[in-house]
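Read off the chains here:
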Amino acid sequence: MNIIRRRGWEIPESQLTPEHLAFNRRKLLIGGAAAMALSPVALSPVAAQAQRVTDVATLPDPTADLYPAKLNAKYKLDRPITDEKVNGNYNNFYEFGEQKTIASTAQALNTRPWTIKIDGMVEKPFEIGIDDLIRKMGIEERTYRHRCVEAWSMAIAWSGFPLAKLVELAKPLGSAKYLEMKTFMDPKVAFGQKKSWYPWPYTEGLTMAEASNELAFLATGAYGHPIAKQHGAPIRLAVPWKYGFKSVKSINHFTFTDKQPKTYWEALQASEYGFWANVNPAVPHPRWSQADEEIIGTGERKPTLLFNGYGEFVADIYKGLEKERLWA
Ligand code: MTE
């Protein structure tokens, strides 16, 4: 079993608390973190709930017949795909806890029925069920690298469809400048959402140029089958040239807007996390270097690449935006 060294924001919760105090509500957070430190008892109702939904959770996924999807070989990896078990047990999904081992509690998430809302600056707002959406879009497989801002990385075989196809389906108005994406909100299931000091629901955003870039991908599957809950079932974003926190999980709401979305981590800690969050090894996080990364599962360290190695696809988007805070 590979022992993963903690660093950055994956430090134990007892030490994590002071870092997050920077965004006010100091007393609340101390109380919350203290409760979490004694968490086995606090977690048990969620585990019980996970048990109760087992029947639903084990029903066959209505789109299972679409997997494995045909590989689109255009997007190449420079390393082996991370072992599925390793990846599926080392996750960030704050709705289910701040630690990496949220896989079992995330099983409480009920992913059917799942309705996607598309609204804002579009010709006509609408809602669509996830299975209809997936069948309408069709799916392909892509292998992408994933670089977390915590300086670790993985390589994943996602299945899904380009975000650009959803943009096309949505028919945004010419005046739309950004696409905002939100995670479901259900504190009864996602106990993390009861922690009021976090700016729920998890929100992310891209400019229209980013959302329409060929690399921006909506993943509905991974490792040749429907996506596991801990990875953000039934649909999550994968934008591999950006730090991992941009890749919002379990999305149920897309809004086209002319205002730059206030994203989750920016709302939480603007001094450390911004809107753009493009990978750049030359720009350190305020608390640690971004020069290299640990490959989860092997422990190997590799130098981090500008745009996580995807510059040929995305660098042009940022021409003329050099004054923006593109790298945090
Ligand atoms: N989306 C939601 N809704 N909640 C989260 O906590 N964490 C982000 C991103 N998307 C997160 C999220 C971060 S920090 C990372 S690194 C990736 O999800 C982790 O994805 P993985 O667990 O599939 O590796």
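Draft legend 1. Quick peek at the site of the ligand. Tyr-94, Glu-95, His-231, Ser-247 and Lys-249 are the nearest of the 17 residues found near the ligand. Here Asn-91 contributes a side-chain N or O atom positioned 2.9 Å from an oxygen atom of the ligand. Measuring from an oxygen atom of the ligand, one finds a side-chain N or O atom of Arg-236 at 3.1 Å. If the ligand stood free it would expose 530 Å²; the protein chains cover 99% of that surface. Classifying every residue of the shell around the ligand by side-chain character gives seven nonpolar, seven polar and three charged.

Draft legend 2. Structural detail: the sheet that holds strand 5 (residues 178-183). If you trace the five strands from one edge of the open sheet to the other, you get 2-1-10-5-6, paired in mixed fashion. Pairing within the sheet leaves two strands with one partner each, and these edge strands are strand 2 (126-129) and strand 6 (203-207). Pairwise comparison of adjacent strand axes, ignoring direction, gives a mean angle of 20° for this sheet. Note that strand 5 and strand 10 (residues 251-257) share six bridges and pair antiparallel.

Draft legend 3. The pattern of salt bridges, seen in detail. If you walk through the whole model with that rule in mind, you get 18 salt bridges. Here Glu-204 ties to Lys-246 by a salt bridge, and the two come within 2.6 Å at their closest N and O atoms. Placement of Glu-204 in strand 6 and of Lys-246 in the loop between strand 9 (236-238) and strand 10 is noted, with a sequence separation of 42 residues between them. The buried category is assigned to Glu-204, whose relative accessible area is 0%. Between Asp-316 and Lys-319 there is a salt bridge, with the nearest N and O atoms lying 2.7 Å from each other. Residue Lys-319 is classed as exposed on the basis of its relative accessible area of 60%. Connected through salt bridges with shared partners, the residues Asp-78, Arg-79, Arg-145, Arg-147 and Glu-293 form a single ionic network.

Draft legend 4. Broad picture of the nonpolar core. Residues Leu-163, Phe-254 and Phe-256 are the most contacted members of the largest nonpolar core, which totals 86 residues. If one sorts the elements of this core by residue count, strand 4 (residues 152-162) sits on top with five residues. Ignoring sequence-local partners within four residues, the contact set of Phe-256 consists of Ile-118, Asp-119, Gly-120, Met-121, Val-122, Val-167, Ala-170, Pro-172, Ala-176, Tyr-178, Leu-179 and Met-208.

Draft legend 5. Looking closely at the confidence of the model for the protein chain. Confidence in the prediction of the protein chain, expressed as mean pLDDT, is 87, and 82% of residues score 70 or more. The model gives residues 1-48 a pLDDT under 50, and that stretch makes 66 contacts with residues more than four places away or in other chains. Contacts from residues 52-56, a stretch scored under 50 in pLDDT, to residues over four places away or in other chains number three contacts.

Draft legend 6. Region of interest: the packing of helix 7 (residues 130-137) against helix 8 (residues 163-170). It is at 11 Å that the axes of helix 7 and helix 8 come closest, and there the two elements cross at 105°. As the angle between them shows, helix 7 and helix 8 are arranged roughly perpendicular. Residues Leu-133, Lys-136 and Met-137 of helix 7 form the contact with helix 8, whose own contacting residues are Lys-165, Leu-166 and Leu-169.

Draft legend 7. Quick look at the pairing of strand 10. For strand 10, a buried count of six out of seven residues is recorded, marking the element as mostly surrounded by other parts of the structure. By the bridge criterion, four bridges tie strand 1 (residues 115-120) to strand 10 in an arrangement that is parallel. Its bridge partner being in strand 10, Asp-119 is matched across the sheet by Thr-255.

Draft legend 8. Representation of helix 8 within the structure. Listing the buried residues of helix 8 in full gives Leu-163, Leu-166, Val-167 and Ala-170. The buried residues of helix 8 occupy an angular sector of 105° when projected down its axis, which confines them to one face. A positive phi of about 50° marks Lys-171, the residue just after helix 8.

Draft legend 9. Geometry of the packing of aromatic side chains. The full count for this structure, using the stated rule, is 24 aromatic pairs. Both rings, one in Tyr-178 and one in Phe-275, keep their centres 5.7 Å apart while their planes meet at 85°; by these two values the pair is edge-to-face. Highlighted residues: Tyr-178 in strand 5 and Phe-275 in the loop between helix 10 (264-268) and strand 11 (292-295), separated in sequence by 97 residues. Here a set of aromatic residues connected by ring pairs shows up, and it is made of Tyr-94, Trp-197, Tyr-198, Trp-200, Tyr-202, Phe-245, Tyr-264, Trp-265 and Tyr-273. Positioned over the ring face of Tyr-90 is Lys-100, at 5.6 Å from the centre of the ring. Of note, Lys-246 hangs over the ring of Phe-275, and the distance from its end group to the ring centre comes to 4.3 Å.

Rules used in this analysis
What you see as residue numbers is a count from 1 along each chain, following the sequence as written. A pLDDT threshold of at least 70 governs which residues receive local features in this predicted model, and a stricter bar of 80 or more applies before side-chain atom pairs are shown or counted, although totals over entire chains, interfaces and linings include all residues. Hydrogens and water molecules were not included; the side-chain quantities draw on all heavy atoms of the structure. The criterion for a residue being near a molecule or strand is simple. One of its heavy atoms has to lie within 4 Å of it. Polar contact is the term for a pair of N or O atoms within 3.5 Å; when the atoms are in protein, one must be able to donate a hydrogen and the other to accept it, and sequence-neighboring residues count only if both atoms are side-chain atoms. Note on areas: Shrake-Rupley with a 1.4 Å probe; residue coverage comes only from the protein chains shown. In the scheme used here, Gly and all other residues not listed as nonpolar or charged are polar, with Ala, Val, Leu, Ile, Met, Phe, Trp, Tyr, Cys and Pro taken as nonpolar and Asp, Glu, Lys and Arg as charged. Any two strands between which DSSP finds at least two bridges are classified as paired. We count a stretch as a helix when DSSP gives it H or I for four or more residues in a row; a strand needs E for two or more, and each element gets its number in order from the N terminus. An axis is simply a line fitted to the C-alpha atoms; with a helix, the fit covers only the stretch in contact. Between two such axes, the angle follows the N-to-C directions and lies from 0 to 180 degrees. Each salt bridge in this description consists of a side-chain nitrogen of Lys or Arg and a carboxyl oxygen of Asp or Glu lying within 4 Å of one another. Here's how the labels work: a residue is buried when its accessible area is under 20% of the maximum for its type, exposed when over 50%, partly exposed in between, all with a 1.4 Å probe on protein chains only. Among the buried residues, those of types Ala, Val, Leu, Ile, Met, Phe, Trp, Tyr and Cys that are joined through side-chain atoms within 4.5 Å form a nonpolar core. Residue contacts are defined here by distance: any two heavy atoms, one from each residue, within 4.5 Å place the two residues in contact. Within a predicted model, pLDDT stands for the predictor's per-residue confidence, ranging from 0 to 100. The cut-offs work like this: below 35 degrees is roughly parallel, past 145 is roughly antiparallel, 65 to 115 is roughly perpendicular, and the gaps in between are oblique. The directions from the helix axis to the C-beta atoms form the arc being described. Geometry of aromatic contacts follows a simple scheme: Phe, Tyr and Trp rings, the Trp one being its six-membered ring, pair when their centres are within 6.5 Å, and the pair is stacked under 30 degrees between planes, edge-to-face over 60, tilted otherwise. The criterion for a charge sitting over a ring is simple: Lys NZ or Arg CZ within 6 Å of the ring centre, and within 35 degrees of the ring normal.

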